[in-house]
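Spelled out from the first residue to the last, the chains are:
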Amino acid sequence: MSQQEVLDQATIHIKNLQERIQSLKAKKDLVLKSERRVEGSRGSYITELSPPVVEVRNLASGIEVVLATGIDRTFKLSDAITILNEEGVDVKYAGFSVAGCRVFCTIHSQLAIPRLESDCGRMRERLKLLVQ
């Protein structure tokens, strides 16, 4: 590889990094704009107004569902499990954790028959309706 080719590749790489920095700065600004101050019984704190996240992953052994919401958005984990059961999914594990102002719910299932991506899409849409 000639010195000119190496310089060209380095230039392209630097431009890609600059674009990534700009993108990350824009995301940071969006997050900072979406914060709000909440008055609670133990004083005030800042919470994010970020939208809920619904991920449905079709794995070889089953389906993994991750739901992430703010603490100001509540839903019953049992309702999410009911949706999955109605879609023919056998839930093996469901749990949640709280990190800062976000609540994360994880649901694992085991499948006898692999699911089509369209089936996962329908589940994803029903879960989005639940957490919004």
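Residues numbered from 1 in each chain as written. Predicted model: local features only at pLDDT ≥ 70, side-chain atom pairs only at ≥ 80, totals over all residues. Heavy atoms only, no water.

Q: Explain the overall build of the chain here, please?
A: Looking only at helices and strands, one finds three helices and six strands in the chain. Scanning the chain from its N terminus toward the C terminus, one meets helices and strands in the order α-β-β-β-β-α-β-β-α. Taking all 132 residues of the chain together, 30% fall into the buried category. Of the contacts formed within the chain by residues at least 6 apart in sequence, a portion of 56% connects residues at least 24 apart. For the chain, the exposed area adds up to about 9300 Å²; of that, 55% sits on carbon and sulfur atoms. (Helix = DSSP H or I, 4+ residues; strand = E, 2+ residues; numbered from the N terminus. Buried < 20%, exposed > 50% of the residue type's maximum accessible area, 1.4 Å probe, protein only. Contact = heavy atoms within 4.5 Å. Areas by Shrake-Rupley, 256 points an atom, 1.4 Å probe, with all protein chains shown as cover.)

Q: Just checking my understanding: could you explain the sheet that holds strand E6 (residues 102–110) for this structure?
A: What links the strands of a sheet is backbone hydrogen bonding, and the strands pair in either a parallel or an antiparallel sense. As summarised here, the arrangement of the four strands in space is E3-E4-E6-E5, forming an open sheet in which the pairing is antiparallel. In this open sheet, the two edge strands, each paired with only one partner strand, are strand E3 (53–58) and strand E5 (90–99). Looking at each pair of strands side by side, their axes are set apart by 10° on average, direction ignored. Relative to E6, strand E4 (residues 63–70) is paired through seven bridges, and the arrangement is antiparallel. What sits directly across from Ala68, in E6, is Phe104. (Pairing = 2+ DSSP bridges. Axes fitted to C-alpha atoms, helices over the stretch in contact; angles between N-to-C directions.)

Q: Mind showing me how you'd approach a nonpolar patch on the surface here?
A: A cluster of nonpolar side chains, contributed by Ile71, Phe96 and Val98, occupies part of the molecular surface with about 300 Å² of accessible area. Within the fold, Val98 resides in strand E5. Owing to a relative accessible area of 54%, Val98 belongs among the exposed residues under this scheme. (Patch = residues over 30% accessible without salt bridge, like charges linked within 9 Å, V, L, I, M, F, W, Y side chains within 5 Å. Salt bridge = Lys/Arg side-chain N within 4 Å of Asp/Glu carboxyl O.)

Q: How do you make sense of the pattern of salt bridges when you look at a structure like this?
A: Charged atoms that come close allow side chains of opposite charge to pair. For the structure on display, the rule yields seven salt bridges. Among the ionic pairs, Glu64 bridges to Arg57, the shortest N-O distance being 2.5 Å. Residue Glu64 is classed as buried on the basis of its relative accessible area, which comes to 15%. Arg126 is the salt-bridge partner of Glu87, the closest N and O atoms lying 2.9 Å from each other. On the criterion of sequence distance, the pair formed by Glu87 in the loop between helix H2 (77–86) and E5 and Arg126 in helix H3 (residues 117–131) is long-range, its members being 39 residues apart.

Q: Mind showing me how you'd approach H2 here?
A: Each turn of an α-helix holds 3.6 residues, which means side chains three or four residues apart point in the same direction. Ala80, Ile83 and Leu84 are the residues of H2 that are buried. Taken end-on, H2 shows its buried residues confined to a sector of 95°, consistent with a single buried face. Once H2 finishes, Gly88 follows within two positions and takes phi at roughly 85°, a positive value. (Arc of directions from axis to C-beta.)

Q: Explain the nonpolar core to me, please; I cannot follow it from the model alone.
A: Note on soluble globular proteins: their nonpolar side chains tend to be buried together. In this structure, Val56, Ile63, Val65, Leu67, Leu84 and Leu127 are the most contacted members of the largest nonpolar core, which totals 18 residues. Looking at this core, the elements with two or more residues in it are E3, E4, H2, E6 and H3. For this core, the leading source of residues is H3, giving four residues. Excluding its chain neighbours within four sequence positions, the residues that come into contact with Leu127 are Val54, Val56, Val65, Leu67, Ala80, Ile83 and Leu84. (Core = buried A, V, L, I, M, F, W, Y, C linked by side-chain atoms within 4.5 Å.)

Q: It is not clear to me how the pairing of E5 should be interpreted in this structure. Could you clarify?
A: On a regular strand, each side chain points to the face opposite its neighbour's, so the side chains alternate between the two faces of the sheet. Alignment of E5 against E6, held across nine bridges, turns out to be antiparallel. Across the sheet, the residue bridging to Ser97 is Phe104, located in E6. Between E5 and E6, which follow one another and run antiparallel, lie two residues, and Gly100 among them has a positive phi close to 65°.

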